[in-house]
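Listed below are the residues making up each chain.
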Amino acid sequence: MPQADGGPGHLFLVVGPSGAGKDSLIEGARRALADLPQFTFPRRIITRRSDPGSEDHATLSEAEFDAQRAAGAFFLHWDAHDLRYALPGSIADALAGGGTVVANVSRKVIAEACRRHPMTTVVFVTAPPEVLERRLLARGREDAAAVTRRLDRSAALPDGAEVVTVVNDGPLESAVERFVAVLRSSADA
């Protein structure tokens, strides 16, 4: 993994429980900020095939993932839900150039990201439990018991991270507006 870049850019790590709408908010912000080239929304790399109902991501086999990780091609990488995830190494260049990078990550990598890039803000996206449950069941990927287990899992955010919370419990457009406001205000600070 590359060393800390210390560049002037701002890294936003989007985290939160499944069903909170992280990908929807990121996609809404990507569209809202499309005319501002300083904002970068990198595609995650996942060892899962793409399908129309999931996020737009780059797919690698386990062997390809291992080879790219060993070659230092990833900015961050982690395992979750029996899959492997990564963010591309090009993020370091965007940050070094003063850009603002917005990425969906696991809470597991927040501390590492903060060590690598001091200008990091965690955006914790959440919604009430009943909203999360309804959204997860609507996806149809898991049965009710699996959804309950997923919602019962809780991971703490690391101490020392700057955290901004966005509640996504109403119209998506309203949550996207709040999210974009966070990205704009913190990136301008």
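Reading guide: rules and limits
- Residues numbered from 1 in each chain as written.
- Predicted model: local features only at pLDDT ≥ 70, side-chain atom pairs only at ≥ 80, totals over all residues.
- Heavy atoms only, no water.
- Helix = DSSP H or I, 4+ residues; strand = E, 2+ residues; numbered from the N terminus.
- Buried < 20%, exposed > 50% of the residue type's maximum accessible area, 1.4 Å probe, protein only.
- Contact = heavy atoms within 4.5 Å.
- Areas by Shrake-Rupley, 256 points an atom, 1.4 Å probe, with all protein chains shown as cover.
- Polar contact = N/O pair within 3.5 Å; in protein donor to acceptor, adjacent residues only side chain to side chain.
- Phe/Tyr/Trp six-rings, centres within 6.5 Å; stacked < 30°, edge-to-face > 60°.
- Lys NZ or Arg CZ within 6 Å of the ring centre and 35° of its normal.
- Pairing = 2+ DSSP bridges.
- Axes fitted to C-alpha atoms, helices over the stretch in contact; angles between N-to-C directions.
- Lys, Arg positive; Asp, Glu negative; His and termini not counted.
- Salt bridge = Lys/Arg side-chain N within 4 Å of Asp/Glu carboxyl O.

Give a description of the overall build of the protein that names residues and reports values.
If you tally the helices and strands in the protein, you get seven helices and nine strands. Taking all 189 residues of the protein together, the buried fraction comes to 44%. A separation threshold of at least 6 residues defines the contact pool for the protein, and within that pool the share at least 24 residues apart is 69%. When the accessible surface of the protein is split by element, carbon and sulfur atoms take 50% of a total near 9,600 Å².

Could you give an account of the environment of Thr121, naming the residues involved and the relevant values?
Relative to the elements of secondary structure, Thr121 occurs in strand E8 (residues 120-126). The exposure class assigned to Thr121 is buried, which follows from its relative accessible area of 0%. In this structure, the C-alpha to C-alpha distance between Thr121 and Phe12, residues 109 residues apart in sequence, is 4.9 Å. Here Thr121 is in contact with His10, Leu11, Phe12, Leu13, Glu162 and Val164, once residues within four sequence places are set aside. Only 3.5 Å separates the side chain of Thr121 from the side chain of Glu162, close enough to count as a polar contact.

Give me the packing of aromatic side chains: which residues, what numbers.
When we look at a pair of aromatic rings, we describe it by the centre distance and by the angle of the planes. All chains considered together, the criterion is met by two aromatic pairs. Between Phe65 and Phe74 the ring centres are 4.8 Å apart and the planes differ by 40°, which places this aromatic pair in the tilted class. Both residues of the pair, Phe65 and Phe74, count as buried. With a centroid separation of 5.6 Å and 0° between ring planes, the pair formed by Trp78 and Tyr85 is classed as stacked. Judged on exposure class, the residue Trp78 and its partner Tyr85 are both buried. A cation over an aromatic ring shows up here: Arg116 above the ring of Phe75, its NZ or CZ 4.0 Å from the ring centre.

Residues and numbers for the sheet that holds strand E9 (residues 162-167), please.
Across the sheet, which stays open at both edges, the five strands sit in the order E2-E7-E1-E8-E9 with parallel pairing between neighbours. The sheet is open, and its two borders are formed by strand E2 (39-40) and E9, each paired with just one other strand. Sitting on the sheet, helix H1 (residues 22-32) is in contact with strand E1 (10-15), strand E7 (100-104), E8 and E9, with an inclination near 155° to E7.

Break down the side chain of Lys22 for me, citing the residues and quoting the values.
Its location among the elements puts Lys22 in helix H1. Despite its burial, Lys22 pairs with no opposite charge; the closest candidate is Asp23, at 6.8 Å N-O. A polar atom in the side chain of Lys22 sits 3.0 Å from the backbone oxygen of Gly16.

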